[in-house]
Amino acid sequence: MFGFSTYEYDDDGFRTCGVTSLRIHESAEDMVKLYGLTAIVALLVGGIFAIFVALTRWELVGLLSPSDFYRYLSVHAWYLLIFWMVFMEIAILYVGGSFVLGRRLALQWLSKVAYAVMVVGALVITYGTWTQEVPNQAPLLTSYAPLPSPASFYLGVDLFLLGALVAAVPFLATVWREKREHPSKTLPLVTFGAFVTSIVAAEAIVGGLITYVPTLFWRIGWIAHIDAAWYRQMYWIIGHGSQQINLLAMITVWYFMTHVVGGAEVASEKVSRFAFVLYLFFINMGAAHHLMSDPAVGLGWRLWNTSYAAYGAVVASMIHAFAIPAGLEAGRRRKGKGGGLFGWLWSAPWKDPGFSATILSIILFGFLGGITGVMMGQMQLNMTWHNTLAVPGHFHATVATGTTLAFMGLGYYVIRLVFGREWVGGVLATVQPYIYGGAMGIVALMMMYLGVLFGVPRRHPTVMNIPGTEFSFEPAAPFFAVFGVTAVLAILGGALFVAIAVGSLLVGGEFTGDARIAALRAAADGGERGARTSSEPRSDGGEQADTPHHQSMRGTFVFTLVFLATFVVLWALNWLLLSQVWQVGP
Ligand code: HEM
Ligand SMILES: [Cu+2]
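A. Region of interest: the overall build of the protein. Each helix and strand in the protein was counted, giving 17 helices and two strands. Principal-axis analysis of the C-alpha atoms gives the protein an extent of 75 × 55 × 45 Å. Expressed as a percentage of the 586 residues in the protein, the buried residues total 52%. Sequence-distant contacts, at least 24 apart, represent 86% of the contacts inside the protein between residues at least 6 apart.

Structural data, given as structure tokens:
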């Protein structure tokens, strides 16, 4: 498809990937290209809108008028959080399903239909948002009823959600065919991760349709009344649910990329699978954290939803966050690429943007996004974060930094392994993840400071001092300056990724394999159980002295301790800040 590819298929439509040894079928590969490229276009559009949003919030520049700000912010949010992420996630399902299982994509025609519906939905959303006029409001991400948005916006959302739901069916059908042919074979971990992702996604999308279909009916007058509290509760099934999809897809990419590029193995299949199952049961409770300061829900509701059960998902995330570095450490030590405490890390391919983007994603997501998410999802601490710029700060650490980096890393390898093109840009490709990740990490941090330390509100084109009070936002100005400069840098880093991706497709040379990865593979073949992500039959012959968990993982253990210490310090600090919010007494 598109004629960009340099690969050829055999008579059955298969080819064998020289790097991953996966048997890849044309039907799946075509769809991965289609969805992947569309995702990158969405990233480009959303990134252009980021310029306007960031330069408005940076008061010194104050680019947009208040009436334009919300329109631009809406487009920014939908193109990045929804279109960039979801198109990429469908591609990831097909990689995790068809590619890893070595099968053709079942019902490929349905995938094409779904794609068309999603694209039409996205365009209708854009149209509705862009042409919105009073009394309609720019929807932002949440389109909170009863504030009205154009009917076309709700229609577009319904179409897009429907398309995304249908796009998962070919993946599920592929897995189903595999299980029917090999009932007793367990799914490879990456496929299993993709499978759990698809279930969580289906729940979220059905929740989204239950929210947005009645909202459309209300907007066009078929339903007289829409309950604001009902809307908010229902909306967050998709609003938060889509973040769960992002999280699971990202983790699946972490496993895939550290294995393919870094030579990681899975430290313990059972533990990793268990963590995916934990998500299945507990991650939905996370949606409640959006309503911690909502007057419509009762105390009991809040207490239950922030109870220990909610931490089931947190535990799962922590298991993955340490299983993956542990797998990298064990895998590299076994291939003779470790030594000392962190030798396995220093010797890693840091110049490879696929690798560095993945590792930066793990670190920045964990330290900046993960810890803050658990804190602000907690009832008491939520009060200091709620509706301040710290909230976008948190999710720019998770989705905009963590998930986006992981998807960029995967994107680099889609260019090589699916399109067969070498990256253009040389050293620029090497530094791109560092520029984007480094700058975006600081942007997120600044937004969090501005929100928690100064109470700067989110979703507001200007920072107004409160008339009649002595309260002034003046001291926040230096933080805004750092925010503005790093935001521009982050946008440049994102643009660089798009430029490298498009440039590689248009003028990149043929990708002929990578000596470093071939060497990894050769080292791995020296008496090993075979790549866990491949479709080869397993040969689990009991415990061998050579299995990953016979390797030292002390480097990862040190990281775990550092992470937990950071967690404790930040937690304590936030409680201290909370205790100082109200002056008690006269
Ligand atoms: C290129 C760098 C980016 C910059 C400089 C940036 C900047 C911003 C800023 C300043 C806001 C507005 C905060 C407010 O006033 O409430 C915002 C909102 C938002 N951004 Fe970004 N952003 C970037 C990338 C991303 C990415 C990659 C995603 C998603 C994957 C994303 C998703 C969102 C969402 C969902 C909102 C909230 C909209 C709402 O409140 O409804 N952004 N961004
Ligand atoms: Cu959430």
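B. Local environment of the nonpolar core. Counting 176 residues, the largest nonpolar core has W84, F87, A91, Y94 and V253 as its most contacted members. Of the residues forming this core, the biggest block, 26 residues, is contributed by helix α2 (residues 66-101). Filtering out sequence-adjacent residues up to four positions away, Y94 remains in contact with A28, M31, V32, F99, L105 and F171.

C. Summary view of the site of ligand 1. Around ligand 1 sit 29 residues in total, of which L80, L140, L141, A400 and R458 are the nearest. If you list the elements that add at least two residues to the shell around ligand 1, you get α1 (26-57), α2, α13 (390-417), α14 (427-454) and α15 (477-507). Among the elements that line the shell around ligand 1, the one with the most residues is α2, at seven residues. Taken together, the residues of the shell around ligand 1 break down into 19 nonpolar, seven polar and three charged.

D. Spotlight on unusual backbone geometry. P135 follows V134 through a cis peptide bond whose omega is 10°. Residue position: P135 is located in the loop between α3 (108-130) and α4 (151-181). A cis amide bond links A145 with the next residue in sequence, P146, at an omega value of 10°. Residue placement: P146 occurs in the loop between α3 and α4. Even without being a glycine, L107 presents a positive backbone phi close to 50°. Of note, L107 is situated in the loop between α2 and α3.

E. Highlighting the confidence of the model for the protein. Per-residue confidence for the protein averages 90 on the pLDDT scale, and 94% of its residues sit at or above 70. Counting interchain partners and residues more than four positions distant, the pLDDT-below-50 stretch residues 527-543 has 24 contacts.

F. Focus on the packing of α2 against helix α5 (residues 189-219). In the contact formed by α2 and α5, the axes pass within 9 Å of each other and the chain directions differ by 145°. Considering how the two elements wind past one another, α2 and α5 form a crossing that is left-handed. Here α2 contributes I92, L93, G96, G97, V100 and L101 to the contact with α5, which in turn contributes V190, T191, G193, A194, T197 and S198. Of the residues assigned to the contact of α2 with α5, the class counts are six nonpolar, six polar and no charged.

G. Region of interest: α5. With 31 residues, α5 ought to run about 45 Å at 1.5 Å a step, and its terminal C-alpha atoms sit 44 Å apart, in line with that. G221 sits one or two positions beyond α5 and adopts a positive phi of about 95°.

H. Representation of the environment of L578. Among the secondary structure elements, L578 is positioned in helix α17 (residues 554-579). Exposure remark for L578: the 16 C-beta atoms within 10 Å place this residue in the partly exposed category. Not counting the four nearest positions on each side in its chain, L578 is found in contact with Q380, L381, M383 and T384.

I. Inspection of α14 at higher detail. When the terminal C-alpha atoms of α14 are compared, their 39 Å separation across 28 residues agrees well with the 40 Å that a helix rising 1.5 Å per residue should span. Where α14 ends, the next residue or the one after it, G455, has phi of about 65°, a positive value.

J. Just the packing of α13 against α15, in detail. Their axes nearest at 10 Å, the elements α13 and α15 cross at an angle of 10°. Between α13 and α15, the crossing angle belongs to the class labelled roughly parallel. Residues M408, G411 and I415 of α13 form the contact with α15, whose own contacting residues are F497, A501, S504 and L505.

K. Inspection of the environment of L291 at higher detail. Its place among the elements puts L291 in the loop between α7 (269-282) and α8 (299-305). When near neighbours in sequence (up to four residues on either side) are disregarded, L291 contacts R232, Q233, W236 and V297.

Calculation rules
- Residues numbered from 1 in each chain as written.
- Chains lettered and ligands numbered in written order.
- Predicted model: local features only at pLDDT ≥ 70, side-chain atom pairs only at ≥ 80, totals over all residues.
- Helix = DSSP H or I, 4+ residues; strand = E, 2+ residues; numbered from the N terminus.
- Buried ≥ 20, exposed ≤ 12 C-beta atoms within 10 Å, placed from the backbone.
- Contact = placed C-beta atoms within 7 Å.
- Core = buried A, V, L, I, M, F, W, Y, C linked by C-beta atoms within 7 Å.
- Near = placed C-beta within 6 Å.
- Nonpolar A, V, L, I, M, F, W, Y, C, P; charged D, E, K, R; others polar.
- pLDDT = per-residue confidence, 0-100.
- Axes fitted to C-alpha atoms, helices over the stretch in contact; angles between N-to-C directions.
- Left-handed = near helix turned anticlockwise from the far one by under 90°.
- Expected span 1.5 Å × (residues − 1).
- Parallel < 35°, antiparallel > 145°, perpendicular 65-115°, else oblique.

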